[in-house]
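What follows is the residue order along each chain.
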Amino acid sequence: MLEVAHILGIALLLGNPILLELRVFGWGAALPVTPLARLSLVLVGSGRVLRRRRRRAC
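Residues numbered from 1 in each chain as written. Predicted model: local features only at pLDDT ≥ 70, side-chain atom pairs only at ≥ 80, totals over all residues. Heavy atoms only, no water.

A. The overall build of the chain, seen in detail. Summing up its helical and strand segments, the chain has two helices and zero strands in all. By the burial criterion, 16% of the 58 residues in the chain qualify as buried. Sequence separation of 24 or more characterises 72% of the internal contacts of the chain that already satisfy a separation of 6 or more. As displayed, the chain offers around 4,600 Å² of accessible surface, 70% of which is attributable to carbon and sulfur atoms. (Helix = DSSP H or I, 4+ residues; strand = E, 2+ residues; numbered from the N terminus. Buried < 20%, exposed > 50% of the residue type's maximum accessible area, 1.4 Å probe, protein only. Contact = heavy atoms within 4.5 Å. Areas by Shrake-Rupley, 256 points an atom, 1.4 Å probe, with all protein chains shown as cover.)

B. Up close: the environment of His6. Position of His6 relative to the elements: it lies in helix H1 (residues 2-24). A sequence separation of 44 residues divides His6 from Leu50, and the C-alpha atoms of the two residues are 6.4 Å apart.

C. Quick look at a nonpolar patch on the surface. Judged by side-chain polarity, Ile18, Leu22, Val24, Phe25 and Trp27 come together as a nonpolar surface patch covering roughly 630 Å² of accessible area. Its place among the elements puts Leu22 in helix H1. (Patch = residues over 30% accessible without salt bridge, like charges linked within 9 Å, V, L, I, M, F, W, Y side chains within 5 Å. Salt bridge = Lys/Arg side-chain N within 4 Å of Asp/Glu carboxyl O.)

D. Local environment of the environment of Leu43. Structurally, the position occupied by Leu43 is in helix H2 (residues 33-57). When the C-alpha positions of Leu43 and Gly9 are compared, they lie 9.1 Å apart, and in sequence the two are 34 residues distant. For Leu43, the contacting residues outside a window of four places in its chain are Leu12 and Asn16.

These figures come from the coordinates and say nothing about function on their own.
Structure representation (structure tokens):
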């Protein structure tokens, strides 16, 4: 279970910058930046919490 939380945390941390970069490259140009950035911050924060809990459990 901890392994799954760890992998999910990594995916949340690394997936969000990719989402924003795709918008910069024009694939998500219709998406407004501000809501996307807010969503990104929430997901990155969730990823950090999951990774921090994984490190403490070891």
